[in-house]
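Take a look at the letters that make up each chain.
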Amino acid sequence: MAEYPINRGIGKEVEFKGLKSQYLFIFAGGLLTVFVVFVILFMAGAGQWFCISFGAVSASLLIWITFHLNNKYGSHGLMKLLSKKNHPRYIINRKSIGQLFTHKK
């Protein structure tokens with residue numbers, strides 16, 4: 001049986017087969033979701049080949065998207081991308097110039 005090192009030391013990020021940090025959770029959660037949908041479709045009476053093809057295509061797409069995001073954004077880039085949407089593009093000041101220079105007690 002092969003051994004796969006998951007953690008490389010103290011203070012370093014978790015990495016498994018090239019996937020870093022949050023992408024591991026996206027990958028594992030996505031595969032679990034694909035499996036649950038596959039089981040639900042099969043139990044609902046969908047065709048066997050439809051379920052197998054759905055599972056294979058969606059799992060392949062999930063794997064490709066996860067590794068693409070990992071390569072494009074890096075370990076913390078996805079969090080930075082999501083936080084950028086909550087940051088204002090510019091600050092609006094609606095006070096008049098006279099109110100800006102008056103001293104308030």
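I will try to describe carefully the structure that is included in this document. Quick caveat: nothing in here was measured; it's all calculated off a predicted structure.

**Points about the overall build of the chain**
- When you go through the chain residue by residue, the secondary structure sums to three helices and two strands.
- Reading the helices (α) and strands (β) of the chain from amino to carboxyl end gives β-β-α-α-α.
- For the chain, the C-alpha radius of gyration of 24 Å lies well beyond 13 Å, the compact-globule estimate for 105 residues.
- Taken along the three principal axes of its C-alpha coordinates, the chain extends 75 × 40 × 25 Å.
- Buried positions account for 17% of the 105 residues belonging to the chain.
- A separation of at least 24 residues holds for 53% of the contacts in the chain among residues at least 6 apart in sequence.

**Re the packing of aromatic side chains**
- Scanning all chains against the criterion turns up two aromatic pairs.
- For the pair Phe27 and Phe67, a centre-to-centre distance of 6.4 Å together with 75° between the ring planes defines the contact as edge-to-face. Of this pair, Phe27 sits in helix H1 (residues 22-44) while Phe67 sits in helix H2 (residues 48-84), placing them 40 residues apart in sequence.
- Relative to Phe42, the ring of Phe38 has its centre 6.5 Å away and its plane inclined at 10°; by these criteria the two rings are stacked. Here Phe42 and Phe38 lie together in helix H1, a separation of four residues that amounts to about one turn.

**Things to note about the environment of Gly77**
- In this structure, Gly77 sits in helix H2.
- Linking Gly77 and Ser53, residues 24 residues apart in sequence, is a C-alpha distance of 32 Å.

**Side note on H1**
- Spanning 23 residues, H1 covers 33 Å between terminal C-alpha atoms, matching the ideal 33 Å at 1.5 Å per step.
- When we look at burial in H1, the residues that qualify are Gln22, Tyr23, Leu24, Gly30 and Val34.
- Contacts from the buried residues of H1 go to strand E1 (15-16), strand E2 (19-20) and H2.
- After H1 finishes, the residue Gly45 shows a positive phi value of roughly 105°.

**Observations regarding H2**
- In this model H2 runs just 43 Å from its N-terminal to its C-terminal C-alpha over 37 residues, more than 12% under the 54 Å that 1.5 Å per residue would give.
- At Tyr73, H2 is deflected by roughly 95°, the largest bend along its length.
- Residues of H2 that are buried make contact with E2 and H1.

**Quick look at the packing of H1 against H2**
- Across the interface, H1 lies against H2 with an axial gap of 9 Å and an inter-helix angle of 165°. As summarised for this structure, H1 and H2 are arranged roughly antiparallel, according to the angle between their axes. H1 and H2 meet at a crossing whose hand is right-handed.
- Per-class residue counts for the contact of H1 with H2 are 20 nonpolar, nine polar and no charged.

About the thresholds
Residues numbered from 1 in each chain as written. Predicted model: local features only at pLDDT ≥ 70, side-chain atom pairs only at ≥ 80, totals over all residues. Heavy atoms only, no water. Helix = DSSP H or I, 4+ residues; strand = E, 2+ residues; numbered from the N terminus. Rg over C-alpha atoms; globule rule 2.2 N^0.38 Å. Buried < 20%, exposed > 50% of the residue type's maximum accessible area, 1.4 Å probe, protein only. Contact = heavy atoms within 4.5 Å. Phe/Tyr/Trp six-rings, centres within 6.5 Å; stacked < 30°, edge-to-face > 60°. Expected span 1.5 Å × (residues − 1). Bend = angle between axes of the 7 residues up to and from the residue. Axes fitted to C-alpha atoms, helices over the stretch in contact; angles between N-to-C directions. Parallel < 35°, antiparallel > 145°, perpendicular 65-115°, else oblique. Left-handed = near helix turned anticlockwise from the far one by under 90°. Nonpolar A, V, L, I, M, F, W, Y, C, P; charged D, E, K, R; others polar.

Worth remembering: the numbers are spatial, not functional.
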